Amino acid sequence: MERHTYQTGIIGNCAYLAHINKNTNVDWLCWPRFDSTFIFGGLLDKKKGGEFSILPVEEYTSHQYYLENTNVLITEITIKNGNSYRITDFAPRFSEHQRYYKALMLIRKIEPLQGSPRITVKCEPVSDYGNVRLHVNRGSNHIQYLGGEETMRLTTNIPVSYVFDEQAFVLNDCRYLVLTYGEPLEAALIPTAERFLRETTQYWRTWIKHSSIATYFQPFVIRSALALKIHQFEDTGAIIAASTTSLPESPGSGRNWDYRYCWLRDTYYVINALNHIGHFEEMEKYFGYVTDISFSEDERYQPLYGITGKKNLAEEILADLEGYMGNQPVRIGNQANEHIQNDIYGQVMISLLPLYTDHRFIFSERKDSVRWIEFLLGKIEATIDEKDAGIWEFRNTANIHCYSNLFQWAGAAAAEKMALTIDNNELADKARSLKERAAAHMESCYDPVRKVYTNSAGSPNLDASTLQLIMMNYLDPASDRAKDHLIALEKELKTPNGLFYRYLYKDDFGRPKTTFLICAFWYVEALACVGRLDDAMHEFENLLQFSNHLLLFSEDVDEEDGSQWGNFPQAYSHVGLMNAAYRIAMKLDRPIFL
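None of these values were measured; they are calculated from a predicted model. (Residues numbered from 1 in each chain as written. Predicted model: local features only at pLDDT ≥ 70, side-chain atom pairs only at ≥ 80, totals over all residues. Heavy atoms only, no water.)

Enquirer: Just checking my understanding: could you explain the environment of Asn405 for this structure?
Expert: Inspection of the secondary structure assignment puts Asn405 in helix H9 (residues 402-421). Note on Asn405: relative accessible area 3%, which makes it buried. Those residues in contact with Asn405 that sit more than four places away from it in its chain are Ile384, Ile400, Ala438, His441 and Met442. (Helix = DSSP H or I, 4+ residues; strand = E, 2+ residues; numbered from the N terminus. Buried < 20%, exposed > 50% of the residue type's maximum accessible area, 1.4 Å probe, protein only. Contact = heavy atoms within 4.5 Å.)

Enquirer: I'm lost on the nonpolar core in this one. Help?
Expert: Side chains of a nonpolar character, in soluble globular proteins, are inclined to be buried together. Formed by 207 residues in total, the largest nonpolar core has its most connected members in Trp31, Phe52, Ile110, Leu467 and Phe540. In terms of residue count, helix H13 (residues 517-529) provides more of this core than any other element does, 12 residues in total. Ignoring anything within four residues of it in the chain, the contact list for Phe540 reads Tyr216, Phe217, Phe521, Val524, Leu577, Ala580, Ala581 and Ile584. (Core = buried A, V, L, I, M, F, W, Y, C linked by side-chain atoms within 4.5 Å.)

Enquirer: Just checking my understanding: could you explain the sheet that holds strand E28 (residues 515-516) for this structure?
Expert: Remark on secondary structure: sheet strands pair via backbone hydrogen bonds, oriented parallel or antiparallel. Taken together, three strands build an open sheet; the order of strands is E28-E29-E30 and the sheet is antiparallel. Looking at the sheet topology across the chains shown, the edges are occupied by E28 and strand E30 (564-565). Here strand E29 (residues 556-557) pairs with E30 via two bridges, running antiparallel. Within E30, the position partnered with Val557 by the bridge is Gln564. (Pairing = 2+ DSSP bridges.)

Enquirer: Is there a simple way to explain helix H14 (residues 533-543) in this structure?
Expert: Leu533, Ala536, Met537, Glu539, Phe540 and Leu543 are the residues of H14 that are buried. Against H13 and helix H15 (571-587) lie the buried residues of H14.

Enquirer: When you look at unusual backbone geometry in this model, what are you seeing that I'm missing?
Expert: Glycine aside, residues mostly have negative phi, and peptide bonds are mostly found in the trans state. Between Gln328 and the following residue, Pro329, the backbone shows a cis peptide bond with an omega angle of 5°. A cis amide bond links Phe568 with the next residue in sequence, Pro569, at an omega value of -20°. Positioned with a positive phi, Thr24 is a non-glycine residue whose angle comes to about 80°. Take Thr24: it is sitting in the loop between strand E2 (17-21) and strand E3 (26-30). Positive phi, normally seen in glycine, also occurs at Asp128, with a value near 50°. Inspection of the secondary structure puts Asp128 in the loop between strand E13 (126-127) and strand E14 (132-133). The class of Asp128 is partly exposed, set by a relative accessible area of 40%.

Enquirer: When you look at the packing of aromatic side chains in this model, what are you seeing that I'm missing?
Expert: The geometry of an aromatic ring pair is captured by two quantities: the separation of the ring centres and the angle between the planes. In the structure shown here, the tally under the stated rule is 34 aromatic pairs. Taken together, a centroid distance of 5.6 Å and an interplanar angle of 35° make the contact between Phe40 and Phe52 tilted. Within this pair, whereas Phe40 is found in strand E4 (residues 38-40), its partner Phe52 is found in strand E5 (residues 51-56), the two being separated by 12 residues in sequence. Residue Phe40 shares its accessibility class with Phe52, and that shared class is buried. Summarising the aromatic geometry, the rings of Tyr100 and Tyr203 are spaced 5.6 Å apart at their centres and angled 75° between planes, so their arrangement reads as edge-to-face. Note that Tyr100 is positioned in strand E10 (residues 99-101) and Tyr203 in helix H2 (residues 189-209), a separation of 103 residues in sequence. The class for Tyr100 is partly exposed, based on a relative accessible area of 25%. (Phe/Tyr/Trp six-rings, centres within 6.5 Å; stacked < 30°, edge-to-face > 60°.)

Enquirer: Just to check I follow, could you spell out the layout of surface pockets for this structure?
Expert: Approximately 650 Å³ is the volume found for the largest pocket. Lining of the largest pocket is provided by 24 residues; of these, Tyr268, Asn272, Ile350, Leu353 and Lys417 occupy positions nearest its centre. Mapped by element, the contributors of at least two residues to the lining of the largest pocket are helix H4 (267-276), helix H6 (344-352), helix H7 (354-357), H9 and H15. In terms of residue class, the lining of the largest pocket is built from 13 nonpolar, seven polar and four charged. Mapped by element, the contributors of at least two residues to the lining of the second largest pocket are strand E19 (175-181) and H2. (1 Å grid on protein atoms, 1.4 Å probe; cavity = no way out; pocket = protein on both sides within 12 Å on 5 of 7 lines; lining within 4 Å. Points joined across faces, edges and corners; volume = space filled by probe spheres on them. Nonpolar A, V, L, I, M, F, W, Y, C, P; charged D, E, K, R; others polar.)

Enquirer: Sorry, what's going on with the sheet that holds E2 here?
Expert: Judged by pairing direction, the sheet is antiparallel, and its four strands sit side by side in the order E1-E2-E3-E4 without closing on themselves. Here the strands that pair on one side only, and so sit at the sheet edges, are strand E1 (8-12) and E4. On average, each strand axis in the sheet is tilted by 20° relative to the strand beside it, whichever way the strands run. (Axes fitted to C-alpha atoms, helices over the stretch in contact; angles between N-to-C directions.)

This is the structure:
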């Protein structure tokens, strides 16, 4: 059976993110924001999704790679007759006038490599998820696309008639295509495109140089860091789970979700990953996003929010889209915003801890300490005995979940540290009391016969999320209880080829058919924590085979053939890889490049 992998790379500039297929097509691009309608959506519907391709007339092969240490993507096309050409795709990002230039602009540079290839450029953007075909207006050196929310313009030095009529022509010199949304390119095309390419390349390479990245499998961590970076919507600081919607967790499963939002449950892991690579600016922006949400909520948090903090993410099915490889439904919005997930209060509390332990934050930024701690401890106290949907967002069941109480315990532990830092004994006492209550709930999940913590009180089911009991130091990693718990989980949830299921019991959609990649990276971390470092390194190295051709990872992986499924690339799979690599590097005493 042939392994399925996603055939796209991503480019982005923290304002938008696009997927470029090995076949040169822009398979996915949402404008003006991550959560807007697609402008190109061939990933979900070949007919209604529009197209932006640069293809030869004859048969060809393709080779795709990134310009080293950047988010600039290269696609090289070799035609059957030996002629070849290169496409350089990028989203401009660089510092200008003491701020970042990050326009809604896609630049495509086409240059001949061998011979005189004949190519055809096709640019057909759409709007309203393919329901609106745009009116095309031809200018002297540009084409305008009208009828969407804003005018789009394609500026080029290719004869406009060739693009307008989709007519093949001989590529005998460098050609440029600049697609803009709203604000058109008014400057000179060639020098502007070349300057933007030069400065964007320099920006990304400087960003990596300023990262503290361990030597342990460094190329994978660098690519993961670059991928994570462009999943941040810089305007607000939100970090989305993925740029796509409705890529199925497994074929025909119906588990097709919109991931273009920010999940608070992942706050701790994201903050950790950014902290490990020393990227303080991104941490601050993300922290600001969480802060804005926190002070706008009078009652309870939602599990996820829109990238501007929007609360109403009503789920809608687009029945007229064929779906990825025919997999329906295609969903926009996410009903999980209505769920109750009580771990998120602890997640947010832990995200505050650097304010008290990291001296890069100045003291004046802690002036609302008492208000913050009281606010979040109150939320933990109000929900600590409550059933919830759990980390995996079960739609029709609620339990006292071990994982939820773990993060309430961890949040209370963080609050205790903060309270002691500001000499507030009353708050510290309250935090200690809540730690004890959360711990009591977790202990009700312990099965002494199997020597394992189950997913929830009174349940026999095991769940990979309880690996976090070890990483969060609820269980002493050196203890027999931690080691026995890990052995029980790997015995039931680990696959022969080193992947890891979230769980194996039936949920609202039946039994999961694919493994969840971040769980496998959690497993690696847990192995390192309990001292099984050789096992951790072996399992980590084994997982690297499940990337696509550009070292990008999906959300889910099929146990049988290693196929990639789920939304792609999954920011939190990359976060999992970064955190696991860091954990191993620290154990090897090689935390940074020396």
